[in-house]
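# Structural description and commentary
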Amino acid sequence: MNPVSDRISTGSVAAGPATGLRTPVSAEALREVMAQFATGVVVITVGGEHIHAMTANAFSSVSLDPPTVLCSVAHSAVMHRAITAGRGFGVSILADGQEPLARRFADKKRTLGRAQFDGVDWRPGEHTGAPLLSGALAWLECALDAGLDSGDHTVFVGRVLGAGRGTDRDGHGLLFFGGRFGSAPRGAVAH
Ligand SMILES: Cc1cc2nc3c(=O)[nH]c(=O)nc-3n(C[C@H](O)[C@H](O)[C@H](O)COP(=O)(O)OP(=O)(O)OC[C@H]3O[C@@H](n4cnc5c(N)ncnc54)[C@H](O)[C@@H]3O)c2cc1C
């Protein structure tokens, strides 16, 4: 794995954290509103001695040059400790037939360690060793570049070390919308 920066910030941008600012928006209200924002679904993974997988939809590209992406992970999640310790992560962008994998890696009753991948087809990423799930539409491998604590989550920014697509170029994406899984067909070209 490539060397990564030790720079894990815990502060915010120049404006500073909005500490002391009271908001009337409850967690339930925010969940309900954000559920109207349709997203894809990914499985974040860490390999090696911290091997672990977690379903996520708080995932986005950040920068093209250098290429970076982000994922937001709850402080309470095992994945939080895995990324912090492993200093990198893999991302499998799920196809619409992979809802069972999304449910599996979001199940709080699943076993930990390598056993959580029993019966799951995957290969270790060449840059990070992170498990990359077979059948995914695309994959990324990232070195941990920065972490920004915000409330009960940390936004992890990853420098993209490798990225690729699966062989099914026409496959539909797995969608998460309104608290439900669905299928996102390929539409018309946007430009
Ligand atoms: C569509 C979708 C999108 C989601 N998006 C996100 C997202 O963007 N970000 C996010 O953070 N979550 C997200 N989640 C929720 C997340 O997938 C689940 O909360 C998931 O279970 C968290 O995974 P985890 O293994 O890292 O942590 P946990 O579920 O907390 O832990 C997994 C297992 O480890 C056990 N365990 C925990 N701590 C210990 C310990 N110290 N010793 C031994 N065993 C322990 C637990 O009992 C459990 O069996 C999403 C879920 C769904 C369905």
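This text follows the structure it describes.
All of these numbers come straight from a predicted model, not from anything done at the bench. (Residues numbered from 1 in each chain as written. Predicted model: local features only at pLDDT ≥ 70, side-chain atom pairs only at ≥ 80, totals over all residues.)

## Description of the overall build of the protein chain
Stated formally: Counting from the N terminus, the helices are the DSSP runs of H or I reaching at least four residues and the strands are the DSSP runs of E reaching at least two. Taken over C-alpha atoms, the radius of gyration is set against a globule rule of 2.2 Å times the number of residues to the power 0.38. With C-beta atoms placed from the backbone, a residue counts as buried when 20 or more other C-beta atoms lie within 10 Å of its own, as exposed when 12 or fewer do, and as partly exposed for counts between those limits. Throughout, a residue-residue contact means that the two C-beta atoms, derived from backbone geometry, are no farther apart than 7 Å.
Across its full length, the protein chain carries 3 helices and 12 strands. Computed over the C-alpha atoms, the radius of gyration of the protein chain is 17 Å, within 12% of the 16 Å expected from 2.2 N^0.38 for a compact globule of 191 residues. Overall size of the protein chain, expressed as C-alpha extent along the three principal axes, is 50 × 40 × 40 Å. Counting only residues that meet the buried cut, the protein chain has 30% of its 191 residues in that class. Of all intrachain contacts in the protein chain linking residues separated by at least 6 positions in sequence, the fraction that spans at least 24 positions is 68%.

## What to know about helix α2 (residues 78-86)
So the rule is basically this: It is the directions from the helix axis to the C-beta atoms that the arc portrays.
If you check which residues of α2 are buried, you get Met79, Ala82, Ile83 and Gly86. The buried residues of α2 occupy one face: seen down the axis, they fall within an arc of 95 degrees. The inward-facing, buried residues of α2 contact β2 (42-46), β3 (52-56), β5 (67-74), β6 (88-93), β9 (138-150) and β10 (153-165). Phi turns positive one or two residues past the end of α2, at Arg87, with a value near 60 degrees.

## Observations concerning the sheet that holds β6
To keep it simple, the criterion reads: Strands qualify as paired when DSSP identifies two bridges or more between them. Axis lines are fitted through C-alpha atoms, for helices just across the contact stretch, and the angle between N-to-C directions can take any value from 0 to 180 degrees.
The sheet built from 7 strands is open, its strands ordered β3-β2-β6-β9-β10-β5-β4 with antiparallel pairing. Edge positions in the open sheet fall to β3 and β4 (59-64), since each of these has one partner strand only. Looking at each pair of strands side by side, their axes are set apart by 35 degrees on average, direction ignored.

## Details of the sheet that holds strand β1 (residues 39-40)
Spatially, 3 strands are ordered β1-β11-β12 in an open sheet, and the strand pairing comes out antiparallel. Looking at the sheet topology across the chains shown, the edges are occupied by β1 and β12 (180-184). Strand direction decides the pairing type here: β1 and strand β11 (residues 173-177), joined by 2 bridges, are antiparallel. Residue pairing for β11: Thr39 is matched across the bridge by Phe176.

## Some thoughts on the site of the ligand
Applied cut-off: In this text, near has one meaning. A residue is near a molecule or strand if its C-beta atom, placed using the backbone, is within 6 Å of it. We call Asp, Glu, Lys and Arg charged. Ala, Val, Leu, Ile, Met, Phe, Trp, Tyr, Cys and Pro are nonpolar, and the rest, Gly among them, are polar.
Lining the immediate surroundings of the ligand are 20 residues, of which Ala56, Ala58, Ala77, Met79 and Ala106 lie closest. Considered class by class, the residues forming the shell around the ligand number 13 nonpolar, 4 polar and 3 charged.

## Details of the pairing of β12
Judged from the 5 bridges that link them, β11 and β12 form a sheet pairing that is antiparallel. Directly across from Phe177, in β12, lies its bridge partner Arg180. Joining the antiparallel neighbours β11 and β12 is a turn of 2 residues, in which Gly178 adopts a positive phi near 65 degrees.

## A look at the environment of Thr111
The topology assignment puts Thr111 in the loop between α3 (99-104) and β7 (122-124). Taking the C-beta count within 10 Å as the criterion, Thr111 has 10 such neighbours and is therefore assigned exposed. Here the alpha-carbon distance between Thr111 and Leu174, two residues 63 residues apart in the chain, equals 24 Å.

## Regarding unusual backbone geometry
With an omega of 0 degrees, the peptide bond running from Asp65 to Pro66 counts as cis. Relative to the assigned elements, Pro66 resides in the loop between β4 and β5.

## Re the pairing of β10
Bridging between β5 and β10 involves 7 bridges; their strand directions are antiparallel. Opposite Val73, over in β10, you have Thr154 as the bridge partner. The hairpin turn running from β9 into β10, its antiparallel successor, is 2 residues long, and Gly151 in that turn takes a positive phi close to 60 degrees.

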